[in-house]
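Per-entry structural report
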Amino acid sequence: MRNIIVRVIARVIIPFIQLYGFYVVFHGHLSPGGGFAGGTIIAASLILYVLAFGLVAEEKRVPERIAQIIESLGAIVYVVIGLVGVLVGAQFLGNKIAGFPLGVPGRILSSGSILILTIAIGFKVASTMITLFNHLIEDEKEG
Amino acid sequence: MIVNNLPALIVVVPLFGTYLTLMLGVKHRKSSSKIALVSTGLLVVFTGFLAAMVAKNGEVFYHFGGWNPPWGIEFVIDRISAFFLLIVSSIGFLIVVFGSGTLESEVKPKIIHYYYALFLVLIASLIAISASNDIFNIYVFLEISSVAAAALVAVQGNKLSIEASVKYLILSTLGSGAFLFAIANIYMVTGHLNLSFIASKLPEAFSLYPLNVLASLGLVLVGLTIKAALYPLHVWLPDAHGSAPTTSSAILSGLVVKVYIIVFIKIIFRVLPPEYLNKVPLEFSLLLMSTLGIFIGSILAMRQKDIKKMLAYSTVAQVGYIFLGIGLLTYNGLIGSLLHILNHAIMKSMLFLSAGIIIKLTGRRRVDSLNGIGRVYPLPMIAFSLGALSMVGIPPLNGFVSKWYLGLGALDGGQVFYVIVLLVSSFLNGLYYLPIVIRAFFGPDSGIQKPESLSVGVSLSLIILSVSTVFFGFFSSIPLEYLAPAVSALFGL
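If you're wondering where the values come from, they're calculated on a predicted model, not measured in any experiment. In every chain, residue numbers begin from 1 and rise along the written sequence. Naming scheme: in the order in which they are written, chains are lettered from A and ligands are numbered from 1. Whole-chain, interface and lining totals are the exception, using all residues; otherwise, since this is a predicted model, local features are given only for residues with pLDDT of at least 70 and side-chain atom pairs are given and counted only at 80 or more. The basis for every side-chain value is the complete set of heavy atoms in the structure, and neither hydrogens nor water enter the calculation.

**Side note on the overall build of chain B**
- The numbering of helices and of strands both runs from the N terminus, where a helix is a DSSP run of H or I of at least 4 residues and a strand a run of E of at least 2. Looking only at helices and strands, chain B features 19 helices and two strands.
- Every radius of gyration here is taken over C-alpha atoms, with the globule rule written as 2.2 Å times N^0.38, N being the number of residues. For 493 residues, the compact-globule estimate of 2.2 N^0.38 gives 23 Å, and the C-alpha radius of gyration of chain B, at 22 Å, lies within 12% of that figure.
- In this scheme, a residue with accessible area under 20% of its type's maximum is buried, one over 50% is exposed, and one in between is partly exposed, where area comes from a 1.4 Å probe on protein chains only. Buried residues in chain B amount to 63% of all 493 residues.
- Look at the contacts in chain B between residues 6 or more apart in sequence, and 81% of them connect residues 24 or more apart.
- We get accessible surface area from the Shrake-Rupley algorithm with a probe of 1.4 Å; when it comes to residues, only the shown protein chains can shield them. Split by element, the accessible area of chain B, about 17700 Å² in all, is 70% carbon and sulfur.
- Residues counted as positive are Lys and Arg, residues counted as negative are Asp and Glu, and His and the chain ends are not counted. By convention, the charge on Lys lies at NZ, on Arg at CZ, on Asp at CG and on Glu at CD. Here chain B contributes 29 positive and 18 negative side-chain charges, whose respective centroids are spaced 11 Å apart. Between two residues, a contact is recorded if the distance between any of their heavy atoms is within 4.5 Å.

Laid out in structure tokens, this is it:
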């Protein structure tokens, strides 16, 4: 895959893919998509990076250890946001009843806890996808 | 604050533990067993408290995020689910206590935090399945449990365990698929996913679309019996439970196959209107499958040379007992099968744990190579013998009590044939369990000179399990009185 065309094109489109991924994540509460879809798109950009520049270069950008920590952190943030509802005396994963400000419908900073949850899911899914892909490649190298 | 949210916290605590182990495990692998101990220990406290609450105030309802059903996800904890939750958390805790002493020898140290994470996520899914009142929520956690369980089988990474795990994964996915198809059918005819709402709409739906309801019942039956390994859908179980690491075998045999039975009981008795129970050929198919399972499971167990394989086939027979009690459709039968869920969870996890520690200490897996082991390692072998005797159904032990109620249930239904089935199968159990006990204590010398000492966790968990085998034999009235109101409500008594 050490092709100059692939590298140049990848270098050009990766930022746009990531931007689109972040767009999908941050508009999870407003438009189709959300944490899972956006996280997958962000991970797809990283996978493209691996394909174009190799695993070693990618490992420098996103070390596996960091990816694993982000993966768990995403889930932990989800649980903690859910627990806010318990702490204020409402139910687990409560949104308005747990005191999250709902904001103006249609704005990005609205919908209370849903936006935070979507971002947490986005990070979790992106890092899970990239670790899965790295493991698959590593196996291929060993075999 | 905490008390009101207990139904959510019992799922959140192990899930939180899962991701904490994964995160801290990157740097501190040693911390994972402590996190598992703390979170399962907390679970025991929480579920115990919840069980007491249910006994005092009746069913506990919990609506996630404050959204009321049928829109939101609802957890309903009645006496039956509280009973099972307490079993899951206590047996899970004891298995973690056991594993803290031995797991390093069976699982590579590099992946030990993954193992604990899988274990905790499996516990979380078992708890959510038994507490949830939303059928789609149940399905999601069923999938989590089957993926986690298959991974727990494959964790050793050798050829046998990976083959067993893939087989398990394929068959349990088939089961999940059948269950999902059933959910789709039910949702189509009733318009609800909440079990209570389905129950209220089902009589009308049954008269309008009898075929859809019957098909979905059949799919539920097939899907859940594949996962619970009822004969002849048990083919994945012996390999999976036989080749997994000790602690995995214990949780798979002791708890995981039971949770599907709890779902089955929920759907059959709480959702299906009682007058329809006799209109579907449920009784016939359950009784046939469980009778065959009891006999063929025992006969196949007798032929096994490997001790863990033997225990795994014995689980096939014991699952047969539990379904027999459900299929009888009598009060005492259902009580018997619920008691057997408890008793088999205790016995089988104890048998797998003690067999595992014996294999680890002596390196002997073959049934006929265990001569004299009981004199070298008394504690694991005494625990094994107690479990074995209880499996056979020797009176003061807990296995006798559940068989007694199954027998009573068969007599209530006027089906004396199944009492004979129970008696003959107890005899068959004796045929393969007792020779091991006799060999271990009275056989020729083992040739092991210096016995290794057991770690504290191993001894502690084996002692607690042995004591509870005897305890629930003498004080079987405790679970009985706890379950009686719920079961009589199911039968409208």
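Right, picking up where we left off after that structure.
**Comments concerning the interface of chain B and chain A**
- Contacts between chain B and chain A engage 18 residues on the former and 19 residues on the latter.
- Contact between chain B and chain A buries roughly 1700 Å² in total, counting both sides, with carbon and sulfur atoms accounting for 74%.
- What gets called buried area is simply the loss in accessible area from a 1.4 Å probe that two parts show on being joined, summed for both. It is Tyr-19, Met-23 and Val-26 of chain B in chain B that bury the most area against chain A; as a group they hold 32% of the surface buried on that side.
- Each salt bridge in this description consists of a side-chain nitrogen of Lys or Arg and a carboxyl oxygen of Asp or Glu lying within 4 Å of one another. Between the two partners, chain B and chain A, sit zero salt bridges.
- As used in this structure description, the phrase polar contact means that two N or O atoms lie within 3.5 Å; if the pair is within protein, one of them must be able to donate a hydrogen and the other to accept it, and residues adjacent in sequence are counted only when both atoms belong to side chains. Summed over the shared surface of chain B and chain A, the result is four residue pairs in polar contact (both at pLDDT 80 or more).

**Some points on the pattern of salt bridges**
Residue and element names in this part refer to chain B.
- For the structure on display, the rule yields six salt bridges over all chains.
- Across the salt bridge formed by Arg-365 and Asp-306, the nearest N and O atoms sit 2.8 Å from each other. Here Arg-365 is found in the loop between α13 (331-362) and α14 (373-376), whereas its partner Asp-306 is found in the loop between α11 (282-302) and α12 (307-327), with 59 residues between them in sequence.
- Accessibility expressed as a relative area gives 33% for Arg-365, which makes it partly exposed.

**Digging into unusual backbone geometry**
- With an omega dihedral of 10°, the bond running from Pro-69 of chain B to Pro-70 of chain B counts as a cis peptide bond.
- Its place among the elements puts Pro-70 of chain B in the loop between β1 (60-63) and β2 (74-77).
- For Leu-93 of chain A, which is not glycine, the phi dihedral falls at a positive 65°.
- Relative to the helices and strands, Leu-93 of chain A resides in the loop between α4 (64-87) and α5 (113-142).
- Residue Leu-93 of chain A is classed as partly exposed on the basis of its relative accessible area of 25%.
- Within the chain, Ser-111 of chain A stands out as a residue other than glycine whose phi angle is a positive 70°.
- Mapped onto the elements of the fold, Ser-111 of chain A is located in the loop between α4 and α5.

**A look at the environment of Asn-278 of chain B**
- Mapped onto the fold, Asn-278 of chain B is located in the loop between α10 (246-271) and α11.
- For Asn-278 of chain B and Leu-329 of chain B, which are 51 residues apart along the polypeptide, the C-alpha to C-alpha distance reads 9.4 Å.

**Digging into a positive patch on the surface**
- Side chains of Arg-65 of chain A together with Lys-27, Arg-29, Lys-108 and Lys-110 of chain B sit close together on the surface and give a patch of like positive charge.
- The topology assignment puts Lys-108 of chain B in the loop between α3 (79-106) and α4 (112-131). Excluding any residue in a salt bridge, patches collect residues exceeding 30% relative accessible area, merging like charges within 9 Å and nonpolar Val, Leu, Ile, Met, Phe, Trp and Tyr side chains within 5 Å.

**What about helix α16 (residues 398-412) of chain B?**
All names here are of chain B.
- How far a helix is expected to stretch is found by multiplying one less than its residue total by 1.5 Å. The end-to-end C-alpha separation of α16 is 22 Å, in line with the 21 Å expected for 15 residues at 1.5 Å each.
- Those residues of α16 that are buried are in contact with α12, α13, α15 (378-392), α17 (416-442), α18 (456-474) and α19 (477-490).
- Gly-414 sits one or two residues past α16 and shows a positive phi near 70°.

**Observations concerning the packing of α10 of chain B against α13 of chain B**
Residue and element names in this part refer to chain B.
- Following both chains from N to C, one finds α10 and α13 inclined at 170°, their axes separated by 7 Å at the closest point. Relative to α13, α10 is oriented roughly antiparallel. Between α10 and α13 lies a crossing of right-handed hand. For the pair α10 and α13, contact is made by Thr-246, Thr-247, Ser-249, Ala-250, Ser-253, Gly-254, Leu-255, Lys-258, Ile-261, Ile-262, Ile-265 and Phe-269 and by Leu-334, Leu-338, Ile-341, His-344, Ala-345, Lys-348, Ser-349, Phe-352, Leu-353 and Gly-356, respectively. Only the stretch in contact is used when fitting a helix axis, every axis being a line fitted to C-alpha atoms; angles between N-to-C directions are given from 0 to 180 degrees. An angle below 35 degrees is read as roughly parallel, one above 145 as roughly antiparallel, one from 65 to 115 as roughly perpendicular, and any other as oblique. For any helix crossing, the convention is left-handed if the near helix is rotated counterclockwise from the far helix by under a right angle, and right-handed if that rotation is clockwise.

**Brief notes about the packing of aromatic side chains**
- Any two of the Phe, Tyr and Trp rings considered here, Trp counted by its six-membered ring, make a pair once their centres fall within 6.5 Å; the pair's planes then place it as stacked at under 30 degrees, edge-to-face at over 60, or tilted in between. Within this structure, the stated rule accounts for 16 aromatic pairs over all chains.
- Their ring planes at 85° and their centres at 6.3 Å tell us that Tyr-115 of chain B and Tyr-116 of chain B sit as a pair that is edge-to-face. Both residues of the pair, Tyr-115 of chain B and Tyr-116 of chain B, count as buried.
- Aromatic pair Phe-400 of chain B and Trp-404 of chain B: ring centres 5.9 Å apart, planes at 35°, arrangement tilted. Residue Phe-400 of chain B and its partner Trp-404 of chain B are located together in helix α16, separated by four residues, close to a single helical turn.
- Judged by relative accessible area, Phe-400 of chain B falls into the partly exposed class, the value being 28%.
- We classify Trp-404 of chain B as partly exposed; its relative accessible area is 48%.
- These aromatic residues form a ring-pair network of at least three members: Phe-92 of chain A together with Tyr-62, Phe-64 and Phe-75 of chain B.
- Whether a charge sits over a ring depends on NZ of Lys or CZ of Arg being within 6 Å of the ring centre and within 35 degrees of the ring normal. Looking at Arg-79 of chain B, its charged tip hangs above the ring of Tyr-482 of chain B, at a distance of 5.2 Å from the centre.

**What about a nonpolar patch on the surface?**
- A cluster of nonpolar side chains, namely Ile-4, Ile-5, Val-8, Ile-9, Val-12, Ile-13 and Phe-16 of chain A, defines an oily patch on the protein surface of about 690 Å² accessible area.
- Note on placement: Ile-13 of chain A falls in helix α1 (residues 4-26).

**Regarding α11 of chain B**
Residue and element names in this part refer to chain B.
- Look at α11: 30 Å from first C-alpha to last across 21 residues, which is about the 30 Å you get at 1.5 Å a residue.
- Along α11, the positions that sit buried rather than exposed are Leu-282, Ser-285, Leu-286, Leu-287, Met-289, Ser-290, Thr-291, Gly-293, Ile-294, Gly-297, Ser-298 and Ala-301.
- Residues of α11 that are buried in the fold lie against α8 (210-228), α10, α12 and α17.

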